[in-house]
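So the chains spell out like this:
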Amino acid sequence: MRSSAGQEAGVKRIDKYIIRGLLGRGGMGKVFKVEIPVISKIAALKYLDPNPFLIDLIGIDKIRDLFIAEAVTMARLKHPAIVDIWDFGETGGRPYYLFDLYSHNLGTVIGETYRTEMPSRPLPVEKAIEYTRQILSGLDCMHSVGIIHRDIKPFNILLTDQDSVKICDFGLSKLRGEVFEGPPGLKIGTPWYAAPEQENAPERADERADLYSVGVMLYRMTTGGLPTENRSDLRKWIAGPDMSWEFFFGRALDPTPAKRFQSAVEMNRALASLQEKWVLRKEKACRLSEGESSGTDPSISHRYPAFRRNPIKVRQRQAGVIFELDELWRPKHYIRNDFHSDAPGCIIDRNTGLLWQQKGSTHPMTWTQAREYIERLNRTHWAGYDTWRLPTMAELTTLLTAAPQSDNLCIEPIFDPEQKWLWSCDRQSFISAWYVSLEMGYVSWNDFSAYYHVKGVCDETFSTATKK
């Protein structure tokens, strides 16, 4: 006998899909991690299960219509920056739809919380621009067929394993000219990101409201904060001498729609111009800084620490203390590395005594596959060593560096820049493990089924004695 969410022989299901965990919940429903039978592929499934408050506000029939309209809207769109719908169905009188599962979204990458006004982790400017240009391209596809998203924000921007964006959550979207019949005064969108006219009269918001939200999001990505009137943090991170960034944000965030960018194409074109100027400015700065010393950073430790080699289980509430992290999950102190080439494909850090694979795994893999990868390294005596291990968080955090600001952009990466996320051997629970973002310099955790790269590590002194 199955319930509306399905249950058979102790295995919980939604229709034919096996539930493997809850990913999140919103006003209209819950998003589950599910397994597709036979092929065992993991996917995401959104299931209609509305908040009782929302039912009282607009009624279950209207919620159901909105849920189905969201799936239909997503299915109509075909673009690399928009989530694809795989399947749609109904069980127990409630609809659901299936889509690809992604391990990251922009909100978690920048460290945004429910307290949106708190500082977040700024992205490298090149990365922020690239994400934004992809988002604008996706919005252009939507707007060209008359669809307005109305809830563009970091948590609605998923990131693929290839680090490209996917716009999701079309529950608040509408067709151009469509009138939403909701309670008077109902606000549509997310505070801080919603355009002024969208909060005051959501049924009259058009494509320019989405572009305002993109402007807020780009500002947050580049500065770690929300737009202010004087925008002093903008000058700290990216503003150049020609005021071009100030002019861009002044237009993108104008409270009057007619004074903003009038289309995603126009905004993307302006951002492309800024991107060219940024690259030229960075190249010039790097040429001028060649041979100069960057001085001493007081946050960098010169101590030779005693690194933990054995895996441990660390709950989220303990991680800040055990891993020595700040409020944005970055190391409180950084290690001064002394990297040198060792055996082919290996890098030795003489200050820590750790020997690393320079490239590591060719492709991202699950945590279980990561452990098997390390076993293969030892079986084959990769690079002449048989003491490779999956690194602990104590070891991985020695590779992290502070995010570069506008006056510190010329450091070439030692390791493969395509490997943005790396697994550790430390577990967060019996189904999840800790990882680091090598690019952004923070620590987080995810389910074993997530796909990250692997970089083997050895203790240099011990490995030299056992080198084959």
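Anything mentioned here points back to the structure above.
Residues numbered from 1 in each chain as written. Predicted model: local features only at pLDDT ≥ 70, side-chain atom pairs only at ≥ 80, totals over all residues. Heavy atoms only, no water.

Novice: Provide a residue-level description of the overall build of the protein chain, including the pertinent values.
Specialist: Within the protein chain one finds 13 helices and 21 strands. Taken across its 468 residues, the protein chain has 51% of its residues classed as buried. Taking the contacts inside the protein chain whose residues are at least 6 apart along the sequence as the reference set, 64% of them involve residues at least 24 apart. Surface summary for the protein chain: the accessible area is close to 22700 Å², and the carbon and sulfur share equals 52%. (Helix = DSSP H or I, 4+ residues; strand = E, 2+ residues; numbered from the N terminus. Buried < 20%, exposed > 50% of the residue type's maximum accessible area, 1.4 Å probe, protein only. Contact = heavy atoms within 4.5 Å. Areas by Shrake-Rupley, 256 points an atom, 1.4 Å probe, with all protein chains shown as cover.)

Novice: I'd like to hear about the packing of aromatic side chains, residue by residue, with values.
Specialist: On inspection of all chains with the given rule, the structure shows 17 aromatic pairs. Taking the centre distance of 5.2 Å and the plane angle of 80° together, the rings of Tyr219 and Phe249 count as edge-to-face. In this pair, Tyr219 is assigned in helix 6 (residues 207–223) and Phe249 in helix 8 (residues 244–252), connecting sequence segments 30 residues apart. Note on Phe249: relative accessible area 0%, which makes it buried. Here Trp421 and Tyr452 contribute two aromatic rings whose centre-to-centre distance is 6.2 Å and whose plane-to-plane angle is 55°, an arrangement assigned as tilted. Residue Trp421 is found in strand 18 (residues 421–427), and its partner Tyr452 is found in the loop between strand 20 (442–447) and strand 21 (457–459); the two are separated by 31 residues along the sequence. Here the aromatic residues Tyr219, Trp245, Phe248, Phe249 and Phe261 are joined through ring pairs into a cluster of three or more. When the ring centre of Tyr442 is taken as origin, the NZ or CZ atom of Arg121, which lies over that ring, is 3.7 Å away. (Phe/Tyr/Trp six-rings, centres within 6.5 Å; stacked < 30°, edge-to-face > 60°. Lys NZ or Arg CZ within 6 Å of the ring centre and 35° of its normal.)

Novice: Give a detailed account of the nonpolar core, specifying residues and quantitative values.
Specialist: If you look at the biggest cluster of nonpolar residues, it comprises 90 residues, and the most contacted ones within it are Leu123, Trp245, Phe248 and Trp423. Counting 20 residues, the second-largest nonpolar core is a separate cluster that includes Val314, Ile347, Leu422 and Trp434. (Core = buried A, V, L, I, M, F, W, Y, C linked by side-chain atoms within 4.5 Å.)

Novice: Go over the side chain of Asp254 with me, naming the residues and quoting the values.
Specialist: Looking at the element boundaries, Asp254 is found in the loop between helix 8 and helix 9 (264–289). Here Asp254 occupies a buried position and makes no salt bridge, while the nearest side chain of opposite charge, Lys259, is found at 5.2 Å. Not counting residues within four places of it along the chain, the set of residues in contact with Asp254 comprises Tyr212, Lys259 and Arg260. (Lys, Arg positive; Asp, Glu negative; His and termini not counted. Salt bridge = Lys/Arg side-chain N within 4 Å of Asp/Glu carboxyl O.)

Novice: Tell me what's going on with the sheet that holds strand 20, and back it up with residues and numbers.
Specialist: Pairing in this open sheet of 3 strands is antiparallel, and the strands run 18-19-20 from one edge to the other. This sheet does not close on itself; its edge strands, each paired only once, are strand 18 and strand 20. When the angles between neighbouring strand axes are averaged without regard to direction, this sheet yields 35°. Across 6 bridges, strand 19 (residues 432–437) lies against strand 20 in antiparallel orientation. (Pairing = 2+ DSSP bridges. Axes fitted to C-alpha atoms, helices over the stretch in contact; angles between N-to-C directions.)

Novice: Residues and numbers for the pairing of strand 5 (residues 41–48), please.
Specialist: Most of strand 5 sits inside the fold, with 6 of its 8 residues counted as buried. Inspection of the sheet shows strand 4 (residues 29–36) paired to strand 5 by 8 bridges, in the antiparallel sense. Looking at the pairing, Lys33 lines up with Ala44 of strand 5. The turn joining strand 4 and strand 5, which pair antiparallel and follow one another in sequence, is formed by 4 residues; a positive phi near 75° is taken by Val38. In this structure, strand 5 lies alongside strand 7 (residues 94–99), joined through 4 bridges in antiparallel fashion. Looking at strand 7, one finds that Lys46 is bridged to Tyr97.

Novice: Could you give me a rundown of the environment of Pro196, with the residues and numbers involved?
Specialist: Note on placement: Pro196 falls in helix 5 (residues 196–200). With a relative accessible area of 27%, Pro196 lands in the partly exposed category. Every residue in contact with Pro196, bar those within four places of it in the chain, is listed here: Tyr212, Pro255 and Arg260.

Novice: So what's going on with the pattern of salt bridges? Which residues, and what values?
Specialist: On inspection of all chains with the given rule, the structure shows 21 salt bridges. Here Glu439 ties to Lys127 by a salt bridge, and the two come within 3.6 Å at their closest N and O atoms. Note that Glu439 is positioned in the loop between strand 19 and strand 20 and Lys127 in helix 4 (residues 125–144), a separation of 312 residues in sequence. Here Glu439 and Lys420 are joined by a salt bridge, their closest N and O atoms 3.8 Å apart. Taken together, the positions of Glu439 in the loop between strand 19 and strand 20 and Lys420 in the loop between helix 12 (393–396) and strand 18 put the pair 19 residues apart, joining distant regions of the chain. A relative accessible area of 12% means that Lys420 is categorised as buried. Here the salt bridges share partners, and the residues they tie into one network are Lys127, Asp163, Lys420 and Glu439.

Novice: Give a description of the packing of helix 6 against helix 8 that names residues and reports values.
Specialist: At their nearest, the axes of helix 6 and helix 8 sit 9 Å apart, and the two run at 140° to each other. Judged by residue contacts, Leu211, Tyr212, Gly215, Leu218, Tyr219 and Thr222 of helix 6 engage Trp245, Phe248, Phe249 and Ala252 from helix 8. The class makeup of the residues in the contact of helix 6 with helix 8 is 8 nonpolar, 2 polar and no charged. (Nonpolar A, V, L, I, M, F, W, Y, C, P; charged D, E, K, R; others polar.)

Novice: If you had to explain unusual backbone geometry to someone new, which residues and values would you point to?
Specialist: Backbone geometry at Asp15 places phi at a positive 60°, although glycine is not the residue there. Looking at the element boundaries, Asp15 is found in the loop between strand 2 (11–14) and strand 3 (17–25). For Asp15, a relative accessible area of 26% translates into the label partly exposed.

Novice: Describe the packing of helix 4 against helix 6, and please don't skip the residues or the numbers.
Specialist: Closest axis-to-axis distance for the helix 4/helix 6 pair is 10 Å, and the angle between their directions is 170°. Taken together, the axes of helix 4 and helix 6 lie roughly antiparallel to each other. Where helix 4 abuts helix 6, its residues Ala128, Ile129, Tyr131, Thr132, Ile135, Leu136, Leu139 and His143 lie against Glu207, Asp210, Leu211, Val214, Met217, Leu218, Met221 and Thr222. Within the contact of helix 4 with helix 6, the residues separate by chemical class into 11 nonpolar, 3 polar and 2 charged. (Parallel < 35°, antiparallel > 145°, perpendicular 65-115°, else oblique.)

Novice: Please provide a residue-by-residue account of the sheet that holds strand 21, values included.
Specialist: Strand order across the open sheet formed by 4 strands is 15-16-17-21, with antiparallel pairing between neighbours. In the strand order of this sheet, the two ends are held by strand 15 (339–341) and strand 21, each with one partner. Taking the axes of each pair of neighbouring strands and ignoring which way they run, one obtains an average angle of 30° across the sheet. As defined by bridge partners, strand 17 (residues 354–357) adjoins strand 21 across 3 bridges and the pair is classed as antiparallel. From the neighbouring strand, Leu355 faces strand 21, where its bridge partner is Cys458.

Honestly, it's all geometry; don't read function into it.
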